[in-house]
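Take a look at the letters that make up each chain.
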Amino acid sequence: MASLVGRDTVEIDFPHRAHGWVVVNTRPHQERVALENLQRQQYHAYCPLALKRVRHARRTQDVPRPLFPGYIFVEMTPQSRWAPICSTFGVRTLVRLGDRPSFLPSDFVETLRSREIDGLIAKPEQAFEIGQKVRIAGGAFHDFVATIVEMNERDRIVVLMELLNRPVKVKVTQTQLVAC
């Protein structure tokens, strides 16, 4: 598949694929502008969106935001001209391997699209819920029993445990917890 062309250049062939996806790095908060301009130039571009909880002026609401902030995907063949992509409004650069665009497997984007519901990437079901009793696995609090009191979107879970006869809140990751 990969062949060494020069001292620092590696050429990757995709004989079994007629096309692939390249990753485009956008200017800050310009994903939508880059997406619209690339589609206007007849490129097949994709920006996966997910709901993100945003707080502003004492109000909290879920708004669609890019799943990968600062990046979108463009479908193209290895022979396609990619220089026009770099001069598109909203685009900073292409993610490259040496002097050529780096191609993602097409099944990566197809997997993302298969998780879409109404244009938004659906998050996987959470294994835990607020109020659930859990046991901490590993770390300084190994085998302590706690109650989940808060969960946030960055996979941090706040648990309430009894420590030295006082209730204490501790932030842990989901991987550190086991259901009781």
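Below or above, wherever it landed, is the structure these notes cover. Not measured: the values here are computed from a predicted model.

Some points on the overall build of the chain
Phase 1: When you go through the chain residue by residue, the secondary structure sums to three helices and 18 strands.
Phase 2: The buried share of the chain, reckoned over its 180 residues, is 27%.
Phase 3: Counted over contacts in the chain with a minimum sequence separation of 6, partners at least 24 positions apart contribute 53%.

Details of the pairing of strand β17 (residues 166–173)
Side-chain direction in a regular strand flips from residue to residue, so the side chains alternate between the two faces of the sheet.
Phase 1: As paired strands, strand β16 (residues 156–163) and β17 are joined by eight bridges and run antiparallel to one another. Looking at the pairing, Met161 lines up with Val168 of β17.

Points about the sheet that holds strand β18 (residues 177–179)
Hydrogen bonds between backbone atoms are what pair the strands of a sheet, whose relative direction is either parallel or antiparallel.
Phase 1: Strand order in the open sheet formed by five strands is β17-β16-β15-β14-β18, with antiparallel pairing between adjacent strands. Edge positions in the open sheet fall to β17 and β18, since each of these has one partner strand only. Adjacent strand axes in the sheet meet at a mean angle of 45°, parallel and antiparallel pairs treated alike.
Phase 2: The sheet contact formed by strand β15 (residues 145–151) and β16 spans five bridges and is antiparallel. By the bridge assignment, Thr147 is partnered in β16 with Leu160.

A word on the pattern of salt bridges
Phase 1: Inspection of the entire model under this criterion finds two salt bridges.
Phase 2: The partner of Arg53 in a salt bridge is Asp62, and the shortest N-O contact between them spans 3.1 Å.
Phase 3: In this structure, the salt-bridge partner of Arg135 is Asp143, at a minimum N-O distance of 3.0 Å.

Criteria and cut-off values
- Residues numbered from 1 in each chain as written.
- Predicted model: local features only at pLDDT ≥ 70, side-chain atom pairs only at ≥ 80, totals over all residues.
- Heavy atoms only, no water.
- Helix = DSSP H or I, 4+ residues; strand = E, 2+ residues; numbered from the N terminus.
- Buried < 20%, exposed > 50% of the residue type's maximum accessible area, 1.4 Å probe, protein only.
- Contact = heavy atoms within 4.5 Å.
- Pairing = 2+ DSSP bridges.
- Axes fitted to C-alpha atoms, helices over the stretch in contact; angles between N-to-C directions.
- Salt bridge = Lys/Arg side-chain N within 4 Å of Asp/Glu carboxyl O.

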